[in-house]
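Analysis of the macromolecular model
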Amino acid sequence: DNTVGSYIDNTSSENSGDVTLKANSERRLDNVNIGIGAAAIGASVAVNAISSVIDTTTLSYIDAKSKTMDNLGALNIISRDDSQIDNTLGTIQLAGLGAAAGVGLDMTWLNNTVKSEILSAADGQINAKSADLTSNNILEYDKVNLLCRYSCSRSLLIPVNTCEYV
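Attention in this report is confined to the structure presented alongside it. Since the model is a prediction, treat every value here as computed from it, not as a measurement. (Residues numbered from 1 in each chain as written. Predicted model: local features only at pLDDT ≥ 70, side-chain atom pairs only at ≥ 80, totals over all residues. Heavy atoms only, no water.)

**A look at the nonpolar core**
Operational definition: What is meant by a nonpolar core is a set of buried Ala, Val, Leu, Ile, Met, Phe, Trp, Tyr and Cys residues, joined one to another through side-chain atoms within 4.5 Å. Here the term buried applies to any residue with accessible area under 20% of the maximum for its type, exposed to any over 50%, and partly exposed to those in between, with areas from a 1.4 Å probe on protein chains only. Helical segments are the DSSP runs of H or I of at least four residues, strand segments are the runs of E of at least two, and each set is numbered from the N terminus. It only takes one pair of heavy atoms within 4.5 Å for two residues to be counted as in contact.
By size, the foremost hydrophobic cluster in this structure holds 8 residues: Val19, Leu21, Ile62, Ala64, Met69, Leu72, Leu75 and Ile77. Of all the secondary structure elements, the ones that give two or more residues to this core are strand E2 (13-41) and strand E4 (68-97). Leaving out residues up to four positions away in the same chain, methionine 69 has contacts with Ile8, Thr11, Ser12, Ser13, Ile62, Ala64, Gln125, Ile126 and Asn127.

**Let's talk about the pattern of salt bridges**
Cut-off, in case you're wondering: Put simply, a salt bridge is a Lys or Arg side-chain nitrogen that is within 4 Å of an Asp or Glu carboxyl oxygen.
A full pass over the atoms with the stated rule returns 5 salt bridges. Across the pair arginine 28 and aspartate 30 runs a salt bridge, and its minimum N-O distance is 2.9 Å. The residue arginine 80 makes a salt bridge to aspartate 82 at a minimum N-O spacing of 3.6 Å. The class of arginine 80 is partly exposed, set by a relative accessible area of 32%. It is possible to trace a salt-bridge network through shared partners that takes in Asp9, Asp63 and Lys65.

**Digging into unusual backbone geometry**
The residue asparagine 10 is not glycine, and still its phi comes out positive at about 55°. Within the element layout of this structure, asparagine 10 appears in the loop between strand E1 (2-9) and E2. With a phi angle near 55°, asparagine 71 is a residue other than glycine that sits in the positive phi range. Its place among the elements puts asparagine 71 in strand E4. On the basis of relative accessibility, which here comes to 42%, the residue asparagine 71 falls in the partly exposed class.

**Let's talk about the sheet that holds E1**
Hydrogen bonds between backbone groups are what pair the strands of a sheet, and the pairing can be parallel or antiparallel. The condition is simple: When DSSP finds two or more bridges between two strands, those strands count as paired. Helix axes are fitted only over the stretch in contact, all axes being lines through C-alpha atoms; the angle between N-to-C directions runs from 0 to 180 degrees.
Judged by pairing direction, the sheet is parallel, and its 3 strands sit side by side in the order E1-E3-E5 without closing on themselves. Looking along the sheet, the strands with just one partner apiece sit at the ends: E1 and strand E5 (100-119). Along the sheet, successive strands turn relative to each other by an average axial angle of 5°, direction set aside. Sheet topology places strand E3 (residues 44-63) next to E5; 20 bridges connect them, and they run parallel. Residue pairing in the sheet places leucine 59 in a bridge with lysine 115 of E5.

By themselves these figures say nothing about function.
Listed below in structure tokens is the structure:
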């Protein structure tokens, strides 16, 4: 869990000019997972998995609560989360006499909250010339899955060679 915040809370002010609050969060996950299975005789099986979790809260806010913030200039409240996930998942199976099989599982969970807010209680006030609230949640997700399988089977009763490439 990652929490990033920029805020003014329970504060009064007067004639304070322009106010800018920025909260930026960046996450990068790089995962590489290769499973290899080999058998001279019999079955070759490779199983592998990647699990990625991003849980981020990015907040920018002004909360006067019951106070007064008066004659402010421009309010700029900006929240930005920029997450990048690069997953490379591969399985390689080799079998001489027998079968080759592989399973790869790529799981990604995202729980991102990005907020920009101006708040006050019923008896509080915020007076400004202008207000600009920006919230950006940017996700870049790159995934590469590779499956290589090679098996050759020979039967003594029927001379057949079978090779399969996937």
